[in-house]
Amino acid sequence: MYRCKTLIVTEKEFASSEKRLSICLRSNGFSFSEVSLSGVLLTFGEAEGMHATSMTGVMADVKAFFASVGIRPLGYASMELIVLSDENVWVPDELYSPSANRQYLKLVGSSAATVMATPCKQLGSTAVYVASESLATAFKVALPGLSVINQHVKLATMGLEQRSMQHPLLVTHWRVDVIDFAAFRDGRYTYGNTVSFGSDSEAQFHTVEVLKSFGLENTNTELLMCGEVGRERFALLRPYFPVASLYTGTHTSFLNPAFKTLHTYKNALIL
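In this report, we go over the structure that sits alongside the text. Fair warning: this is a prediction, and the values are worked out from it, not measured in the lab.

Looking at the environment of G109
In step 1: Note on placement: G109 falls in the loop between helix 2 (101-106) and strand 7 (115-120).
In step 2: Sequence separation between G109 and E87 is 22 residues; the distance between their C-alpha atoms is 9.2 Å.

So, empty space enclosed by the protein
In step 1: If you walk through the whole model with that rule in mind, you get one cavity of 30 Å³ or more.
In step 2: Within this model, the largest cavity holds a volume of roughly 40 Å³.
In step 3: Lining the largest cavity, in full, are C24, R26, S31, H173, K266, N267, A268, L269 and I270.
In step 4: Residues that form the lining of the largest cavity fall into these classes: four nonpolar, three polar and two charged.

Description of helix 5 (residues 200-213)
In step 1: The terminal C-alpha atoms of helix 5, which comprises 14 residues, lie 20 Å apart, in line with the 20 Å expected from a rise of 1.5 Å per residue.
In step 2: Three or more residues of helix 5 are buried, namely A203, Q204, H206, T207, V208, V210 and L211.
In step 3: If you follow the buried residues of helix 5, they end up packed against strand 10 (169-175), strand 11 (178-185), strand 12 (188-196) and helix 6 (231-237).
In step 4: Of the residues flanking the end of helix 5, it is G215, one or two places downstream, whose phi is positive at about 65°.

Cut-offs and rules
- Residues numbered from 1 in each chain as written.
- Predicted model: local features only at pLDDT ≥ 70, side-chain atom pairs only at ≥ 80, totals over all residues.
- Heavy atoms only, no water.
- Helix = DSSP H or I, 4+ residues; strand = E, 2+ residues; numbered from the N terminus.
- 1 Å grid on protein atoms, 1.4 Å probe; cavity = no way out; pocket = protein on both sides within 12 Å on 5 of 7 lines; lining within 4 Å.
- Points joined across faces, edges and corners; volume = space filled by probe spheres on them.
- Nonpolar A, V, L, I, M, F, W, Y, C, P; charged D, E, K, R; others polar.
- Expected span 1.5 Å × (residues − 1).
- Buried < 20%, exposed > 50% of the residue type's maximum accessible area, 1.4 Å probe, protein only.
- Contact = heavy atoms within 4.5 Å.

Here is the structure:
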């Protein structure tokens, strides 16, 4: 069963067809947002609790939670579930075969038994990644019309390519002991991977290594940081980049002043 940990809502009514619903799955629940098609952040919430062990249990818990916070997840312009995965590989569409999903991951050292895949039309590639298919399917059944992606597909399709037309761009999404990297250059997504680290100094090494290895060094290179970023972590990496800032996602405004208290950079994937 899920409990509501955080909930900020906007009183003004918007039709479901004028909104998109984004959910980010976590090991102990999920976070979610409603954003209007014009870029107004309408709702942000966090559901806390362990996922049920059966698909039917998850489905019931998801439906009960959204009912408890007054949200009817029907008729949205779009709905997406972001699954956070520590192992991911991109496969060009012309080489991709669903039957080879586990083999693709084996090539990068993974021995996972539960594998999912999401096509990315924007890149002409399919992301193959480790995730619980039964958990994702339970959310899809509970919320008809929900599409499932992972964080690398999300980072690759957040409209950051244009920003890299002027200078190289490195986006880092920080989680517990791992960093999700997304690199852009000359208006193109050029690299995406998840790297684990044992200390902030090791994370610093990996970030600088990505900067140097993928041709991102430039007098105007920009670093965007989101997720679990603290002052010390930001200060550690700031000297290596001409421009560095916290990334707060793609929404542009809000109507409820309570959103001023929300650390949007921590939830950039769903904003």
